[in-house]
Amino acid sequence: MSTHSMESQHQPLLDRSGPLNGFVDYRGRPVHRSSSGGWNAGLFLLGLEVAARFAYYGVSSNLITYLTGPLGMSIATAAAAANAWSGSGSMLPLVGASLADSWLGRYRAIALATVLSILGYGMLALSAVLPPLKPSECHSHSTNNSHCGPTSFQLAFFFISLYLIAIAQGFDKPCGLAFGADQFDQSDPQEYVSRSSFFNWWYFSMCTGITIAVVVASYIEDNIGWGLGFGMLSIIMIPAFIMFLLGTSTYRFHEMEKKTPFGRLGRSFVSLARTSLRVGTMRFKEEEENAENQHAKTQTVSKIEEARSILRLFPIWATSLVYGITFAQITTFFTKQSQNLDRRFTSSIIVPPAALQSSGTIAIIVFVPIYDRLIVPVMRIISKSPSGITMLQRVGTGIAVSLVTMVVAALVEMKRLKTAREYGLVDQPEATIPMSLWWVVPQFVLIGIADVFTVVGLQEFFYDQMPDSMRSLGLALFQSILGIGAFLSSILISCIDKITSSNVETWGRSTTGAGGARAPPTAVEFLESLFSLSEFFSVIGELKGGAEEQKKRNRSIK
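Residues numbered from 1 in each chain as written. Predicted model: local features only at pLDDT ≥ 70, side-chain atom pairs only at ≥ 80, totals over all residues. Heavy atoms only, no water.

J.: I'd like a description of the sheet that holds strand S2 (residues 30–32), backed by residues and values.
T.: Read from one edge to the other, the open sheet built from three strands follows the order S2-S1-S3, with strand pairing classed as antiparallel. Two strands bound the open sheet, and with one partner strand each, they are S2 and strand S3 (253–254). Looking at chain direction, strand S1 (residues 19–24) and S2 are connected through two bridges and run antiparallel. Across the sheet, residue Val24 finds its bridge partner in S2, namely Pro30. (Pairing = 2+ DSSP bridges. Helix = DSSP H or I, 4+ residues; strand = E, 2+ residues; numbered from the N terminus.)

Here it is, written out as structure tokens:
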């Protein structure tokens, strides 16, 4: 929790007409509450987020299809590559946040991320269109496939393009939301409540972009062309970037400390370590009494409390890793699981596998207003807390829902494989299993509802618990949960594929996911592994709620 947060709750009166403490405009001048920030500024950032998520998920939601299709990778290799990329995009925010909080500033970091994104999506489009960059097609009936597929240069160009987008995410993911939340002054009771609501509507906007992407972009990529699909993403980012720049005069900017967050953390941990090594409290007490002035004492105590508050985040971070593993399944195994189902929506419309992800984001779009406008007000009356329920109660609820999600996914997978056996389709990788696409919709809907609780709750929690000048880093720590979860998912995939492998082709080594004598154990054992982890960590997560609840009660705004 920041020092500013603790001090603000003791202010009996709030001067709403004077300049805001700690904020300036884009020219470094003092700003006033009435002419800056708030929802007027937040709407520009929400608009950019819709476009940014549309573009990012226009690639990530259908990436495994491109990797196993034009690039000819096996499922296990493609899933590992996709998870490594998404994991990098979730780990790089630790670097991007540090640069933003100490040097660039959040505004310039968002601008840089947008430029890199436009470049990355444009290069992806070129890799799918230009003959020197486009992989040659392989045909199953051809007798000579030795010269088909991508060359080393084509793969290198493709992955450079892909990782430019990951670098852009390293700046955008922590700074976009942090800069948006900065537009609300937490010392003001009205703006504090609005800030909590902003986290909900940020995720609503994000999922709006995702929903459009997984329906529109995946359809264009699968049915019209990958070049048009990737190129469209780059073009859409341009007007969104212009809109972001137009809002510059309305934004509030935090005054930067010009110190790296990691350096500040290091100094805080050194102060904590020094006090912890004392043989008692007397020596430290004497040093406090002999300090040069009151400011020096305050600085020492502040550093110690800052280090302790950050250390208290670690159990929450570790507990939430299992959710990162579950989250990684949306764009990999959940999508691949549906590829061989009967995906006919009508007699003439076949739903792309990636488009089924929209059922989860639609669930989020529907549930966020219900949560923000119905559940929260009711819970405020019951709990007497401005946020309705505590942040960690919200996270724990989402983890419990994700546990149910993995159980449902495992049962659906068992049904899918049983149906394939009954119709003799296990060894026919390109066959359509007579099982409707609606079987997999519940697991996407459940994970969407879980996201509203867990993802938004973790975002607000890690933002709230960090000092003002380190809040981009706090959101980067949240992103690392999803990043490490993706890497752990890759490890699980590799281990299970190795354990269940034999002389015949496994589900993970196939490029289609339907064939192979070892298909049933691979997918089901993977889901059962996630089930066991979810059950274990969800119990731990429930034990963490008490401490955070007390903190929120102490911070209640009267």
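J.: Lay out the packing of aromatic side chains in plain terms, naming residues and giving numbers.
T.: Centre distance and the angle of the planes are the two values used to describe a pair of aromatic rings. In total, this model carries 27 aromatic pairs according to the counting rule given. Taken together, the ring pairs connect Phe44, Tyr107, Phe179, Phe241, Phe244, Tyr251 and Phe253 into an aromatic cluster. Over the aromatic face of Tyr463 sits the side chain of Arg471, whose NZ or CZ is 4.5 Å from the ring centroid. (Phe/Tyr/Trp six-rings, centres within 6.5 Å; stacked < 30°, edge-to-face > 60°. Lys NZ or Arg CZ within 6 Å of the ring centre and 35° of its normal.)

J.: Give me the environment of Asp468: which residues, what numbers.
T.: With respect to the element layout, Asp468 can be found in the loop between helix H18 (441–464) and helix H19 (471–499). We classify Asp468 as buried; its relative accessible area is 17%. Considering only alpha carbons, one finds Asp468 and His254, 214 residues apart in sequence, at a separation of 7.9 Å. (Buried < 20%, exposed > 50% of the residue type's maximum accessible area, 1.4 Å probe, protein only.)

J.: Let's hear about the pattern of salt bridges: which residues, and what values?
T.: Counted by the stated rule, this structure contains 12 salt bridges. The closest approach of N and O atoms between Arg29 and Asp25, which form a salt bridge, is 2.8 Å. Residue classification places Asp25 among the buried residues on the basis of a relative accessible area of 9%. Measuring nitrogen to oxygen at the nearest pair gives 3.1 Å for the salt bridge that ties Asp464 to Arg195. Of this pair, Asp464 sits in helix H18 while Arg195 sits in helix H8 (residues 189–223), and the two are 269 residues apart along the sequence. Like Asp464, the residue Arg195 is buried in the burial classification. Look at the salt bridges and you will find they share partners, linking Arg33, Asp185, Glu191 and Arg252 into a network. (Salt bridge = Lys/Arg side-chain N within 4 Å of Asp/Glu carboxyl O.)

J.: So, helix H6 (residues 106–127): which residues are in play, and what are the values?
T.: A rise of 1.5 Å per residue sets the reference length of H6, with its 22 residues, at 32 Å; its end C-alpha atoms lie 31 Å apart and thus fit the reference within 8%. Most of H6 is tucked away: 16 of the 22 residues are buried. (Expected span 1.5 Å × (residues − 1).)

J.: Let's hear about the packing of H8 against helix H16 (residues 358–383): which residues, and what values?
T.: When two helices pack together, their arrangement is given by the angle between their axes and by how far apart the axes lie. As a packed pair, H8 and H16 sit with axes 7 Å apart at the nearest point and diverge in direction by 165°. Of the possible angle classes, the one that applies to H8 and H16 is roughly antiparallel. Along this stretch, H8 crosses H16, giving a crossing that reads as left-handed. Note on element contacts: H16 touches H8 through Ser358, Thr361, Ile362, Ile364, Ile365, Val368, Pro369, Tyr371, Asp372, Arg373 and Arg380, opposite Val193, Ser197, Asn200, Trp201, Tyr203, Phe204, Cys207, Thr208, Ile210, Thr211, Val214 and Val215. In the contact of H8 with H16, the residues fall into 14 nonpolar, six polar and three charged. (Axes fitted to C-alpha atoms, helices over the stretch in contact; angles between N-to-C directions. Parallel < 35°, antiparallel > 145°, perpendicular 65-115°, else oblique. Left-handed = near helix turned anticlockwise from the far one by under 90°. Contact = heavy atoms within 4.5 Å. Nonpolar A, V, L, I, M, F, W, Y, C, P; charged D, E, K, R; others polar.)

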